[in-house]
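# Observations on the three-dimensional arrangement
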There are 4 protein chains.
Amino acid sequence: MAFNSFGNLLQLTTFGESHGIAIGGVIDGFPAGMNVDFEAIQNELDRRKPGQSAIVTQRKEPDTVQFLSGIFEGVTTGASIGFQIQNTNQKSKDYSHNTNVYRPSHADYTYDKKYETRDYRGGGRTSARETANWVVAGALAKQLISHININAFTSSVGDIFIDKPYQDLDFTKTDSNIVRCPDEAIAEKMIAKIKDIKKQGDTIGGTITCVAQNVPVGLGEPIFHKLHAELGKAMLSINAVKGFEFGSGFCGAKMQGSEHNDVFTKDGKTETNLSGGIQGGISNGMDIYFRVAFKPVATIMQKQQTIDSDGNLTEIHGKGRHDPCVVPRAIPIVEALTALVLADFYLLDRTRRV
Amino acid sequence: MAFNSFGNLLQLTTFGESHGIAIGGVIDGFPAGMNVDFEAIQNELDRRKPGQSAIVTQRKEPDTVQFLSGIFEGVTTGASIGFQIQNTNQKSKDYSHNTNVYRPSHADYTYDKKYETRDYRGGGRTSARETANWVVAGALAKQLISHININAFTSSVGDIFIDKPYQDLDFTKTDSNIVRCPDEAIAEKMIAKIKDIKKQGDTIGGTITCVAQNVPVGLGEPIFHKLHAELGKAMLSINAVKGFEFGSGFCGAKMQGSEHNDVFTKDGKTETNLSGGIQGGISNGMDIYFRVAFKPVATIMQKQQTIDSDGNLTEIHGKGRHDPCVVPRAIPIVEALTALVLADFYLLDRTRRV
Amino acid sequence: MAFNSFGNLLQLTTFGESHGIAIGGVIDGFPAGMNVDFEAIQNELDRRKPGQSAIVTQRKEPDTVQFLSGIFEGVTTGASIGFQIQNTNQKSKDYSHNTNVYRPSHADYTYDKKYETRDYRGGGRTSARETANWVVAGALAKQLISHININAFTSSVGDIFIDKPYQDLDFTKTDSNIVRCPDEAIAEKMIAKIKDIKKQGDTIGGTITCVAQNVPVGLGEPIFHKLHAELGKAMLSINAVKGFEFGSGFCGAKMQGSEHNDVFTKDGKTETNLSGGIQGGISNGMDIYFRVAFKPVATIMQKQQTIDSDGNLTEIHGKGRHDPCVVPRAIPIVEALTALVLADFYLLDRTRRV
Amino acid sequence: MAFNSFGNLLQLTTFGESHGIAIGGVIDGFPAGMNVDFEAIQNELDRRKPGQSAIVTQRKEPDTVQFLSGIFEGVTTGASIGFQIQNTNQKSKDYSHNTNVYRPSHADYTYDKKYETRDYRGGGRTSARETANWVVAGALAKQLISHININAFTSSVGDIFIDKPYQDLDFTKTDSNIVRCPDEAIAEKMIAKIKDIKKQGDTIGGTITCVAQNVPVGLGEPIFHKLHAELGKAMLSINAVKGFEFGSGFCGAKMQGSEHNDVFTKDGKTETNLSGGIQGGISNGMDIYFRVAFKPVATIMQKQQTIDSDGNLTEIHGKGRHDPCVVPRAIPIVEALTALVLADFYLLDRTRRV
């Protein structure tokens, strides 16, 4: 029961604060014998890193991962995989004004009350910098289950939505634009929106849709480790996430059984897929798809009322370099956690029949 | 790493199929010294039990829980609490026609493929009968954290929604009507809707909203055991659930930071509560609220095309006694899991400061 | 992290007090598709049950296990296996004199101090009756790894020791005598010794040796789940156990490397086996053997000084029906836990290579 | 379920091979608010480090720990504590002759068979270098439970034993000699013995006794997390350990109940302490003491027959710088793991009463 661990058999345990020396983690249960594609891992980190485009934070962090163990001559050995990412560009003084002041809708207040002490520099342990660790582990997991295709993309920014079903999208276009929306016309509108919001010193929310294809039948473990429940928990662990739905989701709650049921075809597939590829917590071989809601980033470049740790009313004005919209950089994070969940269940499934 | 276990320090492990001898479980980590209110536990089971009204399944199951250990002379001893509920009214022959046929949008197909064997009677392990176990454990957890008020209610059936904020509702009215909606005018419409759907041999989805009040500041454990992530995982474990959102939820994804941030007041509370009582995965003392989407029950009293285990196309027609809408009976289940999550974090929090 | 759970992937969670309604448990992670030999399970329970011979407790408990789930038409389904054993012959009044008095070298005092409440009837949760649950789960595990032979036997009673290496013993003779020692001449001496001790109203300790043969190479998981460490933990969980050694054990601590090292032969086997079949925490294909020390049973039919819960000095005299020597009935317990550990690692090993 | 994790609520997860870049770990569940004494941690590492005296390996490793997170301005924050120790003095070429050859009584063969790949440099993951990680975590744990005194010492080397009960020893003398035996006359003999063995190019085994004093009543969690079972598992995780006994241990197996029982005195203490401070898996407030058997180090400076990975017979001759007796350097390791186990149960115990 570790608070900083994720996964069952394939388990990631992490450490690190945004302004400490380094962040990193230990991956346990990774099977031996896999040739590691290090470039692919760095590519995923680059998709997440700050400063990559005009619509994300302008911080410059190279985010280079260093593997410390568990990989020998390019091959996983079955030993735990230790890794770290140095923090090279932290500007702690950007946060010196926050020492004592609770930023609205951040975790400053709750951490202070819970732990009675707090690393106030850049959010400390609460910083989304932590998610770089997840991307490293997820990139390894992707290589383990390379037969499964995982594609996340930006499905909305504010009230600008993709209005096509995902089947009509070309996922190879996702990374062709800086907002990571495969519908290029919509992508332009999203980018314009974010630029406008940024100019206002404000931030905006959005949603990410993720599709996993070519998933074998049988992944997922009832009763309390249903595949969608683990995916939901994973997504709700990402900073700023407020909601998760899979298959028909909240729309399904308005429907009747006669229209919602997925009728089988002869080959064991289903005509429709409102189930979202999961029945009874176990993958059924159809596409798994789900949607994740992100609130707007809490740090805004505007003046806000707040209190300090003594309970005095005061004002705060965002400084530092922050994302106007978290969604474009969250795409690789969503994919990484999806890969970790699927890889975990993929290994577990080997033990479920005599 | 048990597939049938829920919780971290306070852990429920369950067993049982709908048509076996009994269902039950073991509660581990329950602290010693609590006087058990057995009547309160039975009351919660009665809220969940079949046959309680005209709009739920007409199966008759008394659902009487028998405690086998861990409670001595009415007081918890710190030993594991074993309990069981006999299955008294199973009509296995209702299911004999399903031996070989996969019910659409049920877990028959996925279980058969995963395990290569299956208890086909009434869904076996996949049956929502399992949730009676959760209600037992949740009722005990409620007593452990009796200072916290947990109220779930039906917030929509199909496209009939409560249109008031929860603050305007009187939770004491939730159980005054059979659909468990505290807005009595809306409740009547919902009941009429479900009766109509039932007459069609069809089923309908809905949503449940749950509010936890008087939660102390500091419950929840980052990074991978955030309070809302554990609540989300719990809710997504309930049969038929397709989505989870807390605080501003999916609406928050359309908002700007300047309107979404919850500004602090002098006492450490916030003026608004779009955060839903949780910041950085830790409770902040404001109301925790979330919403859960349930799909329509998959068993309908209509003819549907499907396949058998040999891949032959065939037809199926629902038999047995099923719920036209799962939401009214799911209210105590949502509350039970909420209580388990909060009680778990309540105990854990005792260990987080020197 | 459940206190009443044992195992990693194959996990047993138990409940029950000696004088409650029933004891039982839940087995999680047992693979689907195994034909269960129920008679073999009952046979193991019969080897452990009280009243089976003149040198064990004369309590009569039929100890019939009832499976409640997870097995359908004689085959495991992959669902959690619930089971229970009714307590039919508890004589709580035998213990009524103990309500308030701490039996020396029992857990009465520590439970009372830790939990501030206690089921004082027959030891409650601390009773070795719990081990019947382990025998049930172990008997199932034995069937899962039926290619591995597990043989435990009584290697000493008091200062009467088998003086042969285990290789010279015929394990088929273990159950041919009531003390379960495969050396029949020594067995007679042990039996005489126990009868004599019993006549004195006293009790005596002993050791059990266990040998696992035909174990595949590769079971065990470094760093903190070494095969011998898990076996040791398992054995130290048995009531009355005071020590564990494997391979050369404590004798190895007196030896030099040049005499202790096991030299390889061409086929990957070793000429000697002071390693006890485990190197670096992983089985090497040679016989695994270890020895477990049991203290004398604490309940004696003699007068002893003690205190009550108010701290008053008082006297206690054992009543009830107790074992003069725990070792003969502990043989199936040692085997059961060994089977559980090996079966757990057997399943885990399937996940350790790509 | 992580193979490289130790502990329940207070959990250490580690990584690292002896000849990689660094070893290190993550400590999870450490409570917030403790002032860290960094010097005390380094002192413990220095007690374990190679090259500290004439009777241990002459490798020079500074073993400086660097904390990467979880400690802010000298105080624990409740966040996970990441740390690492650089590998500065690895001489991989010392091991180049082992690439393909299985060292007798090492884990080369079992790792190769299990993982089908192996970091052969200096034992890789199987190296006792890993225990430096444990010393770091244990040193922090010691500070958390500073009211408990933990003293381990060398109780035998080969057949040279301390012949006094531990109560007659002065633990302040343990570190006054290089073999860490508090009986100075015996220490001299042990040192002479080890020097002689070293001269022969051989190695020798030994035992360590550990005493924990001032332990509060109530630590330990039945049924499967008994205090002595967790201590035993911890000790059996240390490289080269072959046995564990606590209290009367294997001697207890020869005794009668009337002589073995610990009679209570008025204050809840016991006249004798054959129980070793633990009854029913829970500390009773008396001294906890146990003994750990270490086999002789497997690497000897003598020629031995062995095989290579192709099954060819060959010879091997130890090179590199190895310990002739592992016991003196294992003292801080035994203490560290004892501290981790006790600190874990100390935190858990806060949750066991309402």
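Residues numbered from 1 in each chain as written. Chains lettered and ligands numbered in written order. Predicted model: local features only at pLDDT ≥ 70, side-chain atom pairs only at ≥ 80, totals over all residues. Heavy atoms only, no water.

### Re the overall build of chain A
When helices and strands are tallied, chain A shows 8 helices and 16 strands. Its C-alpha radius of gyration of 21 Å places chain A within 12% of the 20 Å reference for a compact globule of 354 residues. Dimensions of chain A, computed from C-alpha atoms along their principal axes, come out at roughly 65 × 50 × 35 Å. Residue burial in chain A is summarised as follows: out of 354 residues, 72% are buried. Intrachain contacts of chain A at a sequence separation of at least 6 include 70% that bridge at least 24 residues. Summing over all exposed atoms, chain A offers an accessible surface of approximately 10500 Å²; the carbon and sulfur share of this is 47%. (Helix = DSSP H or I, 4+ residues; strand = E, 2+ residues; numbered from the N terminus. Rg over C-alpha atoms; globule rule 2.2 N^0.38 Å. Buried < 20%, exposed > 50% of the residue type's maximum accessible area, 1.4 Å probe, protein only. Contact = heavy atoms within 4.5 Å. Areas by Shrake-Rupley, 256 points an atom, 1.4 Å probe, with all protein chains shown as cover.)

### Section: the sheet that holds strand β7 (residues 81–86) of chain B
Residues and elements named next belong to chain B. Ordered by their spatial adjacency, 5 strands build an open sheet running β1-β2-β3-β7-β4, and the pairing between neighbours is antiparallel. The sheet is open, and its two edges are formed by β1 (5–6) and β4 (65–67), each paired on a single side. As judged from the 2 bridges shared by β1 and strand β2 (residues 11–15), these two strands associate in the antiparallel manner. Within β2, the residue paired with Phe 6 across the bridge is Leu 12. (Pairing = 2+ DSSP bridges.)

### Here we look at the sheet that holds strand β9 (residues 160–161) of chain A
Ordered in space as β9(A)-β8(A)-β10(A)-β14(A)-β11(A)-β11(B)-β14(B)-β10(B)-β8(B)-β9(B), the 10 strands form an open sheet in which the pairing is antiparallel. Pairing within the sheet leaves two strands with one partner each, and these edge strands are β9 of chain A together with β9 (160–161) of chain B. In the sheet, strand β10 (residues 206–213) of chain A pairs with strand β14 (residues 288–294) of chain A via 7 bridges, with the strands oriented antiparallel. The partner of Val211(A) across the bridge, within β14(A), is Tyr289(A). Relative to strand β8 (residues 149–157) of chain B, helix α4 (residues 184–199) of chain B is tilted by about 55°, and along the sheet it contacts β8 and β9 of chain B. Taken strand by strand, helix α8 (residues 327–348) of chain B contacts β8, β10 (206–213) and β14 (288–294) of chain B, and its axis lies near 145° from that of β8(B). (Axes fitted to C-alpha atoms, helices over the stretch in contact; angles between N-to-C directions.)

### Brief notes about the relation of the copies chain C and chain B
Overlaying chain C on chain B yields an RMSD of 0.0 Å, the required transformation being a rotation through 180° with an accompanying axial translation of 0.0 Å. In short, the pair behaves as if placed about a two-fold rotation axis. (Least-squares fit on C-alpha atoms with pLDDT ≥ 70 in both.)

### Quick look at helix α4 (residues 184–199) of chain D
Residue and element names in this part refer to chain D. Spanning 16 residues, α4 covers 23 Å between terminal C-alpha atoms, matching the ideal 22 Å at 1.5 Å per step. Within α4, the full set of buried residues consists of Ile 186, Ala 187, Met 190, Ile 191, Ile 194 and Ile 197. Looking down the long axis of α4, one finds its buried residues gathered within 140° of arc, a one-sided arrangement. Projecting away from the buried face of α4 at angles above 90 degrees are the exposed residues Ala 185, Glu 188, Lys 189 and Lys 199. For α4, the elements touching its buried residues are β8 (149–157) and β9 (160–161). One or two steps after α4, the chain reaches Gly 201, where phi turns positive at roughly 70°. (Expected span 1.5 Å × (residues − 1). Arc of directions from axis to C-beta.)

### Notes on the packing of helix α1 (residues 38–48) of chain C against helix α8 (residues 327–348) of chain C
Residue and element names in this part refer to chain C. Two elements in contact, α1 and α8, have axes whose closest approach is 7 Å; the angle formed by their N-to-C orientations is 140°. By the angle class used here, α1 and α8 are oblique. Contacts between α1 and α8 pair Glu 44, Arg 47 and Arg 48 from the former with Arg 329, Ile 331, Pro 332, Ile 333 and Glu 335 from the latter. Class assignment of the residues belonging to the contact of α1 with α8 gives a composition of 3 nonpolar, no polar and 5 charged. (Parallel < 35°, antiparallel > 145°, perpendicular 65-115°, else oblique. Nonpolar A, V, L, I, M, F, W, Y, C, P; charged D, E, K, R; others polar.)

### Considerations on the relation of the copies chain D and chain C
Least-squares fitting of chain D to chain C yields an RMSD of 0.0 Å, with the transformation described by 0.0 Å of translation along the axis and a rotation of 180°. Both copies share a contact surface, since 100% of the interface residues of chain D are interface residues in chain C too.

### Let's talk about the pattern of salt bridges
The final tally for this structure, using the stated rule, is 92 salt bridges over all chains. Two residues, Asp349(A) and Lys114(B), come together in a salt bridge whose shortest N-O distance is 2.6 Å. Pair noted here: Asp349(A) is in the segment after α8 (327–348) and Lys114(B) is in helix α2 (residues 108–115), and the two residues belong to different chains. The same class applies to Asp349(A) and to Lys114(B), which are both buried. One connected set of salt bridges, linked through shared partners, spans Glu44(A), Arg47(A), Lys142(A), Asp175(A), Arg180(A) and Glu335(A). (Salt bridge = Lys/Arg side-chain N within 4 Å of Asp/Glu carboxyl O.)

### Some points on the interface of chain D and chain C
Facing 108 residues of chain D, the contacting portion of chain C comprises 108 residues. In this assembly, chain D packs against chain C so that about 8600 Å² is buried in total across both faces, 62% of it on carbon and sulfur atoms. One can count 8 salt bridges joining chain D with chain C. Salt-bridge contacts for Lys114(C) lead to Glu221(D); the nearest nitrogen and oxygen are separated by 3.0 Å. Taken together, the links from chain D to chain C amount to 53 residue pairs in polar contact (both at pLDDT 80 or more). Two elements, strand β11 (residues 241–246) of chain C and strand β11 (residues 241–246) of chain D, share 3 bridges in a ladder whose sense is antiparallel. (Buried area = accessible area lost by both parts, 1.4 Å probe. Polar contact = N/O pair within 3.5 Å; in protein donor to acceptor, adjacent residues only side chain to side chain.)

### Structural notes on the environment of Val56(A)
Along the chain, Val56(A) turns up in the loop between α1 (38–48) and β4 (65–67). Along the backbone, Val56(A) and Asp267(A) are 211 residues apart, and their C-alpha atoms lie at a distance of 45 Å.

### Quick look at the pairing of strand β3 (residues 22–28) of chain B
Here is the key point about a regular strand: its side chains alternate between the two faces of the sheet. All names here are of chain B. Buried residues dominate β3, accounting for 7 of its 7 residues. Here β3 shows a buried face lined by Ala 22, Gly 24, Val 26 and Asp 28 and a second buried face lined by Ile 23, Gly 25 and Ile 27. Inspection of the sheet shows β2 paired to β3 by 5 bridges, in the antiparallel sense. Bridge pairing links Phe 15 to Gly 24 in β3. If you look at the hairpin formed by β2 and β3, you'll find 6 residues sitting between the two strands, and Gly 16 has a positive phi there, around 125°. In this sheet, β7 lies alongside β3 in antiparallel orientation, the contact comprising 6 bridges. Bridge pairing in β7 places Ile 23 opposite Ile 85.

### Digging into the pairing of strand β15 (residues 303–307) of chain B
Residue and element names in this part refer to chain B. The pairing of β15 with strand β16 (residues 313–317) spans 5 bridges and is antiparallel. Across the sheet, Ile 307 pairs through a bridge with Leu 313, a residue of β16. The turn joining β15 and β16, which pair antiparallel and follow one another in sequence, is formed by 5 residues; a positive phi near 85° is taken by Gly 311.

### Quick notes on the confidence of the model for chain A
In this model, chain A carries an average pLDDT of 94, and 97% of its residues clear a pLDDT of 70 or more. Taken over the whole predicted complex, pTM reads 0.97, whereas the ipTM for its chain interfaces reads 0.97. (pLDDT = per-residue confidence, 0-100.)

### Examining the interface of chain C and chain B
Taken together, the contacts link 42 residues of chain C with 42 residues of chain B. Of the roughly 3200 Å² buried between chain C and chain B on both sides combined, carbon and sulfur atoms contribute 60%. Among the residues chain C hides against chain B, the three largest losses belong to Phe15(C), Leu68(C) and Phe72(C). Together they make up 18% of the total. At the boundary of chain C with chain B, the tally comes to 0 salt bridges.

### Quick word on the packing of aromatic side chains
Throughout the structure, instances matching the rule amount to 54 aromatic pairs over all chains. Seen in terms of ring centroids, Phe224(A) and Trp134(B) are 5.1 Å apart; in terms of plane orientation they differ by 35°. Their pairing is tilted. Of this pair, Phe224(A) sits in the loop between β10 and α5 (227–236) while Trp134(B) sits in helix α3 (residues 131–144), on two different chains. Here Phe224(A) matches Trp134(B) in class, with each residue buried. Ring centres of Phe67(B) and Phe83(B) lie 6.3 Å apart, and the angle between their planes is 55°; this geometry places the pair in the tilted category. (Phe/Tyr/Trp six-rings, centres within 6.5 Å; stacked < 30°, edge-to-face > 60°.)

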